[in-house]
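Coordinate analysis (summary)
The primary structure of each chain is shown beneath.
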Amino acid sequence: MANNQENPSTSLANPFHPTLLNHCVEQWAKETPKQIAMLQHEDGKHISYEKFASLIDIFALRLLDLGLKKGDRLATQLVLIPEHVIFMYACFKIGVIVAPLDLRLKPEEVVRDVNKIRAKVFFFLGNTPVTDFREIGQAVQDKCSSVEHLVQFTEDKNPGDIITGAVSIGKFMNKTKLVTLKIANMFSGRLKRAQSQITPRTAALIIYTTGTTGAPKPAVLCHQNILVQNQILIKGMGEITADKNQSSSQSPFVSMVNLPPSHVGCVTETLMTSFYVGGKAVMLRIFDVQATLEAIQAHKVSLLGQIPTQYRMLWNHPNCESYDLSSLQCVIYAGAAGDLPFLERLQKMAPNFGTGLGMTENAGFATFSKPGTCPQDLVGQVGSAFPELAKVSIRQPMNSNGTAGAECEHGESGEICYHPPVVFLGYYDQPEETQKAISKEGILYTGDLGYFKDVNGEASLFLSGRRKFIIKQKGYNVFPTEVEDHISRLDGIAQVEVLGGKHLLFDEAIFAYVKLEANCPLTVPEIMAHCKNIASYKRPHHIEIWPSEQEFPLTRSAKVDKMALQKYVNAAIDKLRIQGQWDA
């Protein structure tokens with residue numbers, strides 16, 4: 001450990017081999033107590049690992065005092081702030097399963113999700129400039145019979161600030177109460193007994209799937225799922241070196257955390273990987289383009305992980321080039337494919353860049369690209385597996401008896417499958433949905449289609465598309481990503497989205513929306529002419545230009561919402577059909 005302090009660039013590996021999420025915080029609290037664990041960019045508030053560990057214990061005692069026990073559920077609808085993170089780790093420590101919900105959910109959606117997991121406690125915000133969350137708190141109180149405690153993260157300053165039946169966070173964390181609990185614990189050992197029941201396979205976190213292909217489902221993740229994912233991500237990052245002006249006692253790992261806490265990209269990937277290696281997490285309450293640029297510059301962020309949409313938003317900021325982003329050493333994207341122009345732009349941001357494949361149900365990444373992979377080699381691929389941590393296989397569909405289908409040959413396309421220990425525990429109280437996703441052998445079927453191909457001596461995984469979004473045009477299976485990638489090679493293309501629509505002659509036909517960069521003169525006939533360079537059955541039947549100033553519909557995790565976009569496609573096809581321009 002002393003060597004790591006003298007030369008922080010040696011390795012990102014955790015020398016302690018933690019088996020529980022709280023072990024990471026506790027161990028770094030002993031080894032580097034003054035190292036900043038969390039820094040809130042908006043107000044500069046920061047918490048060291050020593051303070052982090054101490055507060056976790058206090059918060060955990062307060063939860064135990066409510067009567068919560070291992071297996072109980074606690075739901076939150078909060079922004080990303082240190083107190084939110086501390087409560088999460090307090091839950092992990094005593095076996096309470098925490099479920100952070102998206103801030104954009106409406107009252108009826110929150111009620112639906114709280115009832116699905118029968119949460120006993122609900123943490124929520126008050127009246128904000130964007131939303132009056134008191135209405136949501138009231139809806140939960142009225143319609144969620146399992147909820148016994150409502151805690152509102154608002155100071156009780158004026159009458160009506162706190163809804164009837166809830167308690168303010170200030171009163172909930174009353175100092176006198178906390179001191180009493182801490183003293184009592186010194187004699188009773190209550191917290192130690194609760195923690196002694198936690199194992200690597202204990203349920204820790206519920207993240208709702210984002211619903212791009214159906215209704216959101218509560219995916220239950222355990223400590224082991226998350227910690228193995230952390231190791232996969234670390235292996236893919238490459239070396240993070242210390243800044244020449246940086247103190248040798250400070251970790252060079254400074255991550256930007258600007259995704260919502262209801263998403264694995266925030267909690268299990270950027271945030272918890274930072275804690276795994278004893279790094280500093282620079283946090284934004286909510287995603288903001290300018291605040292992200294300012295935070296990277298101000299805090300010398302070395303790692304940035306985002307989805308492609310967020311990167312494009314940064315690059316499109318009118319003052320992007322004026323910010324000093326030279327501290328970035330590794331930039332990561334996931335959640336959507338990156339075409340060659342995107343990857344070439346990404347390469348300019350940092351010496352190390354890459355991507356991987358994963359999903360909510362495996363806590364994040366299952367594969368990751370090798371450091372040093374060039375943009376040309378990265379197009380279409382989503383990295384390599386790390387079989388020493390968790391195997392990834394390509395398989396035939398699950399058998400009718402629930403056993404896994406046969407494994408495909410190298411180079412053969414099939415469904416991408418993840419193996420333990422990254423496979424989640426299942427969907428909470430949804431055994432039928434769980435059985436559709438996890439085979440009897442414990443293998444997770446992802447719904448993604450792909451194949452392994454050797455690239456520079458490495459078996460790299462290539463993504464063909466989603467099983468549900470394959471387009472069968474003229475009897476051939478067409479993967480939308482392949483068509484999107486081809487069209488994106490034209491100069492001036494900002495984004496391409498390809499879907500299928502019902503066709504009387506072809507069964508299905510390909511419909512492409514193309515978003516151009518500002519002032520790009522490309523026309524639909526020119527794009528159609530470019531598509532003559534791919535097989536005829538892959539060519540779009542119709543192309544429309546999407547307004548450059550308008551975003552595609554997005555899911556709550558900021559991915560393109562294919563289901564919502566399909567409605568646009570269907571409406572456009574209806575008009576074309578009336579004009580005799582679709583089924584011919």
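Conventions we followed
Residues numbered from 1 in each chain as written. Predicted model: local features only at pLDDT ≥ 70, side-chain atom pairs only at ≥ 80, totals over all residues. Heavy atoms only, no water. Helix = DSSP H or I, 4+ residues; strand = E, 2+ residues; numbered from the N terminus. Buried < 20%, exposed > 50% of the residue type's maximum accessible area, 1.4 Å probe, protein only. Contact = heavy atoms within 4.5 Å. pLDDT = per-residue confidence, 0-100. Core = buried A, V, L, I, M, F, W, Y, C linked by side-chain atoms within 4.5 Å. Arc of directions from axis to C-beta. Pairing = 2+ DSSP bridges. Right-handed = clockwise from strand over helix to strand, strands pointing away. Polar contact = N/O pair within 3.5 Å; in protein donor to acceptor, adjacent residues only side chain to side chain. Axes fitted to C-alpha atoms, helices over the stretch in contact; angles between N-to-C directions. Parallel < 35°, antiparallel > 145°, perpendicular 65-115°, else oblique. Left-handed = near helix turned anticlockwise from the far one by under 90°. Nonpolar A, V, L, I, M, F, W, Y, C, P; charged D, E, K, R; others polar. Patch = residues over 30% accessible without salt bridge, like charges linked within 9 Å, V, L, I, M, F, W, Y side chains within 5 Å. Areas by Shrake-Rupley, 256 points an atom, 1.4 Å probe, with all protein chains shown as cover. Salt bridge = Lys/Arg side-chain N within 4 Å of Asp/Glu carboxyl O.

Examining the overall build of the chain
Helix and strand content of the chain: 19 helices and 28 strands. Along the first, second and third principal axes, the C-alpha atoms of the chain reach 80 × 55 × 50 Å. When the 584 residues of the chain are sorted by exposure, 57% land in the buried category. In the chain, of all internal contacts separated by at least 6 residues, the share reaching a separation of at least 24 is 69%.

What to know about the confidence of the model for the chain
The predicted model of the chain has a mean per-residue pLDDT of 91, with 95% of residues at 70 or higher. Segment residues 1-11: pLDDT under 50, and 21 contacts once partners within four positions in sequence are set aside and those in other chains are kept.

Topic: the nonpolar core
Membership of the largest hydrophobic core comes to 131 residues, with the highest contact counts inside it found for Phe52, Leu63, Tyr89, Phe122, Phe123 and Phe275. For this core, the element with the highest residue contribution is helix α3 (residues 49-65), accounting for 11 residues. Ignoring sequence-local partners within four residues, the contact set of Tyr89 consists of Leu21, Asn22, Val25, Phe52, Ile56, Met272 and Phe275.

A short note on helix α2 (residues 21-31)
Those residues of α2 lying buried are Leu21, Asn22, Cys24, Val25, Trp28 and Ala29. The buried residues of α2 occupy one face: seen down the axis, they fall within an arc of 155°. Those residues of α2 hidden inside the fold are in contact with α3, α4 (82-94), α9 (190-196), β8 (203-208), α10 (223-237) and α11 (265-276).

Section: the pairing of strand β11 (residues 280-283)
Going residue by residue along β11, you find Lys280 and Val282 tucked away on one face and Ala281 and Met283 tucked away on the opposite face as well. Inspection of the sheet shows strand β1 (residues 36-40) paired to β11 by 3 bridges, in the parallel sense. Counted as the bridge partner of Met38 is Ala281 from β11. By the bridge criterion, 4 bridges tie strand β10 (residues 254-257) to β11 in an arrangement that is parallel. Counterpart to Val257 in the pairing with β11 is Met283. Handedness of the crossover joining β10 and β11 through α11: right-handed.

So, the side chain of Thr355
Topologically, Thr355 is positioned in strand β14 (residues 352-355). Given the relative accessible area of 2%, Thr355 is considered buried. A polar contact is formed between the side chain of Thr355 and the backbone oxygen of Tyr333, at a distance of 2.6 Å. Leaving out residues up to four positions away in the same chain, Thr355 has contacts with Tyr333, Ala334, Phe368, Ser369, Leu378, Gln381, Val382 and Gly383.

Comments concerning the sheet that holds β11
What the 7 strands build is an open sheet, ordered β2-β1-β11-β10-β12-β13-β14; its pairing is mixed. What marks the edges here is a single partner per strand, and that holds for β2 (46-48) and β14. The sheet shows a mean angle of 15° between the axes of neighbouring strands, taken without regard to direction. α11 contacts β1, β10, β11 and β12 (303-306) of the sheet and is inclined by roughly 160° relative to β10. Against the sheet, helix α14 (residues 340-347) touches β13 (330-333) and β14, its axis set at about 155° to β13.

A look at the side chain of Gln152
Structurally, Gln152 can be placed in strand β6 (residues 149-153). Separated by 2.6 Å, the side chain of Gln152 and the backbone oxygen of Asp161 make a polar contact. Setting aside chain neighbours within four positions, we find Gln152 in contact with Phe124, Leu125, Gly126, Arg134, Asp161, Ile162, Ile163, Ala166, Val167, Ser168 and Ile169.

Comments concerning the pairing of β6
Buried residues dominate β6, accounting for 4 of its 5 residues. As judged from the 5 bridges shared by strand β5 (residues 121-125) and β6, these two strands associate in the parallel manner. The residue of β6 that forms the bridge with Phe123 is Val151. With respect to chirality, the unit in which β5 leads through helix α6 (residues 133-143) into the neighbouring parallel β6 is right-handed.

A look at the packing of α2 against α4
Following both chains from N to C, one finds α2 and α4 inclined at 115°, their axes separated by 9 Å at the closest point. As summarised for this structure, α2 and α4 are arranged roughly perpendicular, according to the angle between their axes. The hand of the α2/α4 crossing is left-handed. Residue-level contacts link Leu21, Asn22, Val25 and Glu26 of α2 to Tyr89, Phe92 and Lys93 of α4. Of the residues contributing to the contact of α2 with α4, the split by class is 4 nonpolar, 1 polar and 2 charged.

Things to note about α14
Those residues of α14 lying buried are Phe342, Leu343 and Leu346. In a view along the axis of α14, the buried residues occupy a sector of 95°, so they form one face of it. At its buried positions, α14 is contacted by α13 (308-315), β13, β14 and α15 (375-378). Near the N-terminus of α14, the side chain that reaches the backbone nitrogen of Phe342, with its oxygen 3.0 Å away, is that of Asp339.

Describing unusual backbone geometry
Residue Pro421 is bonded to the preceding Pro420 through a cis peptide linkage, with omega at 15°. Of note, Pro421 is situated in the loop between β20 (414-418) and β21 (426-427). Within the chain, Arg118 stands out as a residue other than glycine whose phi angle is a positive 50°. Tracing the backbone through its elements, the reader meets Arg118 in the loop between α5 (107-117) and β5. If you check the backbone angles, Ala363 has positive phi at about 70° while not being a glycine. With respect to the helices and strands, the residue Ala363 is situated in the loop between β15 (358-359) and β16 (364-365).

Notes on a nonpolar patch on the surface
A cluster of nonpolar side chains, contributed by Val179, Ile183, Met186 and Phe187, occupies part of the molecular surface with about 490 Å² of accessible area. Among the secondary structure elements, Phe187 is positioned in helix α8 (residues 175-188). For Phe187, a relative accessible area of 73% gives the class exposed.

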